[in-house]
Amino acid sequence: MRYFSALIPLLFFLVGCGAESEVTLAPVVYSPDSSLAVEFISTADSGMAYAVRSNGEIVVDTSQLGFEFREAAPLVKGLNVEQIDIRVVDEEYELPWGEQRTYHNHCQEMKVALKEVGEGGRKLNLIFRVFNDGVGFRYEFPAQEGWENAVVTNELTEFRLVGDPQAWWIPGDWDSYEHLYQSTRLSEISALTMTNDPNLVANSVKENAVNTPVTFRYDDGLHLSIHEANLTNYSGMTLRRPTDKPGFECSLVPAPDGSKASIPIPFATPWRTIQISPDAAGLLSSRLILHLNDPTQSGDFSWIQPTKYVGIWWEMHLNKSSWDLASGKHGATTAHAKELIDFAAANQIGAMLVEGWNTGWERWIGFPDREGVFDFVTPYPDYDLAEVVRYGKEKGIELIMHHETSAAPRTYEQQLDTAYALMQSLGIHAVKTGYVGPIIPEGEHHHGQWMVRHYRKVAEHAAAHQVAVNIHEPIKATGLRRTWPNIISREGLRGQEFNAWAQDGGNPPDHLTIVPFTRGLAGPIDYTPGIFHLSMDPYKENDLQTTLVHQLALYVVIYSPIQMAADLIEYYEGSPAFQFIRDVGVDWEQSVVLEAEIGEVVVMAREEKETGNWFVGGITGNEPRSLEMALDFLGEGEYEMTVYRDGEWALDGTDASEYAIEGPRVVRADEVVKADLAKGGGVAISLIKK
Ligand code: NOJ
Ligand code: CA
């Protein structure tokens, strides 16, 4: 149960604004519907703090704000409130692609201007924005004489969540988000319990912290998720759980010298975000992270094409072929690429990814000296890049370029100009990048400020060359796609690849019933769904722990404007279920949540832009489940419906790849569709407008 806090002072308080006048100001700002409120608390003794209420009840209790710096006094206490401004933000905007056509950014903003008392007289602003579905706040260091740079050694932001909600979390690893979500009470969060996770980098154990988004559910149903928006020129935020206080405190990913961020002044930090909803479905509809980013850069982004794609990819993870040439089973050959282009052209797939096309793969993963090895313009001799591009264009298929940096970003940066100029000269508009391994130089981390700058530099460079980027081993998504729509998707979670080779047997049945409420709140996910051959036999030993229909449903459940049909094309040939992948959209007019419970069930319906076709995807976790889906989201008129369901053998556990197809038959909005889902099962529905 949440409670009313004695720590929250009066709703109104007096602020000294110079000797001659005392004005009454409201240090509380409400959401447009008044359900949420943020209070700014400032006392001479304890310094700056904030608290958050939902429908009058405290959800985030008095939580400290402030900074410590190298060679400068901390900014925590002794700040005077100079001015408070409250305004309404109410705007609608469209993006070139998305989970919906129009976005409505509606909130109230409170800007608190603070000034250090005494000699220093440094200035700091705090900006709070309160939406109907959550809260964002950031620190602003305005331009000021005598303070042009600061080295942040600690950001002191706290999130004093009340009570002991259920939490879904991954450890605060500084280099990877590729971990299974743990579900425990907040008080039981401990990365120490994860030392048996072979993918865990030791830092997170040391810190006992979690990465964001991290999501909570209270016993009365209130849901809350903490993350950040617009991570620019700063380091990623992890949340440390102190043993002596409730909730969390910010723990920024350090630079090699232990400092947290070097900032020029003026500067605005990323927004710290708290999404709040009375139910799990509300989290899935929240677009607060996007709203807290800057509007789209001016320029032409019309060349970006949301698309489905196939690729020379899964076969490497199965070890059927390899990235490198020396192994004698090189996957990226001209002939094989053309075979995939032919398949794509025959199956309503718009693009094709080729990994392992360029020299350097003989010394990537596991090699300590990876600097200067990868060459992003030189193909292996058995791969004719220009010919593959030409053949693709002839068949209407776009090539997706691949740049594995092996976490040597300086080598990549040296070649950015030549690599992107080559793509532009060939008319290639997309690249998948990768950062496997520990970052070179040692001491830098994937989620530190130095890498945050690198990822942005690459995205901006790509935009200048009309290239969209899909980043693997990325920094977390923080809504920058609003400003840079060419940041089209990313990994940043335990993806499908783990099902090929993970020592622990792969992703458990409930993995993707947790992901939409955690990692998914940050932005699009390149999960690479569509594995039909559920046993890795004869290449590997793992079996997928979900059904074939679950794989179909992921095209709707997991949002991304690029979606791979990831399996070997021989497993798609002749499969009636593949029709769903042919039909399903990737760019949406609107998205509707039909059913949502974290770790249990996710059912989404999405209307495709332009065609007006609808697609429904539903998945269940560790429990079998019966669903009833009312089609009342449909517009007027008739739709031709095809339902893909777990088959009898999938339901009784004898064969997860068995499915049944019902239809097509004509339906209207008054129809209700029932489906039984196996453990780790799914349902997928296409509704083609007549
Ligand atoms: C890891 C990526 O997640 C995966 O998709 C890719 O195939 C390999 N790195 C090689 O770049
Ligand atoms: Ca990966």
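A brief report on the enclosed structure follows. (Residues numbered from 1 in each chain as written. Chains lettered and ligands numbered in written order. Predicted model: local features only at pLDDT ≥ 70, side-chain atom pairs only at ≥ 80, totals over all residues. Heavy atoms only, no water.)

Scanning the chain from N- to C-terminus turns up 15 helices and 39 strands. For 690 residues, the compact-globule formula gives about 26 Å, and the C-alpha radius of gyration of the chain, at 25 Å, lands near that figure. The dimensions of the chain, computed from C-alpha atoms along their principal axes, are 80 × 60 × 50 Å. Counting only residues that meet the buried cut, the chain has 62% of its 690 residues in that class. Here the contacts in the chain between residues at least 6 apart in sequence split such that 71% fall between residues at least 24 apart. Put simply, the chain shows about 24,800 Å² of open surface, and 49% of that area lies on carbon and sulfur atoms. Across the chain, the centroid of the 54 positively charged side chains sits 2 Å from that of the 97 negatively charged ones. (Helix = DSSP H or I, 4+ residues; strand = E, 2+ residues; numbered from the N terminus. Rg over C-alpha atoms; globule rule 2.2 N^0.38 Å. Buried < 20%, exposed > 50% of the residue type's maximum accessible area, 1.4 Å probe, protein only. Contact = heavy atoms within 4.5 Å. Areas by Shrake-Rupley, 256 points an atom, 1.4 Å probe, with all protein chains shown as cover. Lys, Arg positive; Asp, Glu negative; His and termini not counted. Charge placed at Lys NZ, Arg CZ, Asp CG, Glu CD.)

A word on the packing of aromatic side chains. Scanning all chains against the criterion turns up 34 aromatic pairs. Taken together, the aromatic side chains of Trp323, Trp361, Trp364, Phe374, Phe376, Tyr412 and Tyr420 make up a single cluster linked through ring pairs. Directly above the ring of Trp147 sits Arg122, whose terminal nitrogen or CZ lies 5.0 Å from the centroid. (Phe/Tyr/Trp six-rings, centres within 6.5 Å; stacked < 30°, edge-to-face > 60°. Lys NZ or Arg CZ within 6 Å of the ring centre and 35° of its normal.)

Coordination of the calcium ion (ligand 2) by the protein is provided by Glu178 (OE), Glu473 (OE), Glu491 (OE), Glu491 (OE) and Glu497 (OE), with metal-donor distances spanning 2.3 to 2.6 Å. One can describe the donor arrangement at the calcium ion (ligand 2) as irregular, given that its six donor atoms subtend angles of 51 to 155 degrees at the metal. The buried category is assigned to Glu178, whose relative accessible area is 10%. A relative accessible area of 14% places Glu473 in the buried class. (Donors = N, O, S within 2.8 Å, 3.2 Å for Na, K, Ca; no water. Tetrahedral: all angles 85-135°; square planar, octahedral: opposite > 155°, others 65-115°.)

In the region of ligand 1, 14 residues are neighbours, and His317, Glu355, Glu404, Lys432 and His472 sit closest. Between ligand 1 and Glu355, the relevant distance is 2.6 Å, taken from an oxygen atom to a side-chain nitrogen or oxygen of the residue. Between an oxygen atom of ligand 1 and a side-chain N or O atom of Glu473, the distance comes to 3.0 Å. Taken atom by atom, the bulk of ligand 1 overlaps the largest pocket. (Near = heavy atom within 4 Å. Polar contact = N/O pair within 3.5 Å; in protein donor to acceptor, adjacent residues only side chain to side chain. 1 Å grid on protein atoms, 1.4 Å probe; cavity = no way out; pocket = protein on both sides within 12 Å on 5 of 7 lines; lining within 4 Å. Sits in = over half its atoms within 2 Å of the grid points.)

Once that is clear, we can look at the layout of surface pockets. Volume-wise, the largest pocket comes out at about 960 Å³. What lines the largest pocket is a set of 42 residues, among which Glu178, Ile365, Val436, Gly437 and Glu473 lie closest to the centre. Residue assignment for the lining of the largest pocket shows that the elements contributing at least two residues are helix 4 (314-317), strand 27 (398-404), strand 28 (430-434) and helix 9 (497-501). Here the lining of the largest pocket gets three residues from one element, more than from any other, and that element is helix 9. In terms of residue class, the lining of the largest pocket is built from 17 nonpolar, 13 polar and twelve charged. (Points joined across faces, edges and corners; volume = space filled by probe spheres on them. Nonpolar A, V, L, I, M, F, W, Y, C, P; charged D, E, K, R; others polar.)

So, on to empty space enclosed by the protein. Scanning the model with the defined rule gives ten cavities of 30 Å³ or more in all. Every element with two or more residues in the lining of the largest cavity is listed here: helix 2 (280-285), helix 3 (288-291), helix 11 (519-522) and strand 33 (601-608). For the lining of the largest cavity, the element with the most residues is helix 11, which contributes three residues. For the lining of the largest cavity, the class distribution of residues is 13 nonpolar, four polar and four charged. For the second largest cavity, the full set of lining residues is Leu231, Val452, Tyr455, Arg456, Ala459, Ile471, Ile475, Lys476, Thr478, Leu480, Ile487 and Arg490.

We now examine the pattern of salt bridges. Applying the stated rule across the entire model yields 36 salt bridges. The partner of Glu249 in a salt bridge is Arg240, with the nearest N and O atoms 3.5 Å apart. Accessibility expressed as a relative area gives 18% for Glu249, which makes it buried. In this structure, Lys320 engages Glu570 in a salt bridge whose closest nitrogen and oxygen atoms are separated by 2.8 Å. Here Lys320, found in the loop between helix 4 and helix 5 (334-346), pairs with Glu570, found in helix 13 (residues 569-572); they are 250 residues apart in sequence, far enough to count as distant. For Lys320, a relative accessible area of 33% puts it in the partly exposed group. Classification of Glu570 by relative accessible area gives partly exposed; the value is 39%. Shared partners join several salt bridges into a network, and the residues in it are Glu158, Arg160, Arg240, Lys245 and Glu249. (Salt bridge = Lys/Arg side-chain N within 4 Å of Asp/Glu carboxyl O.)

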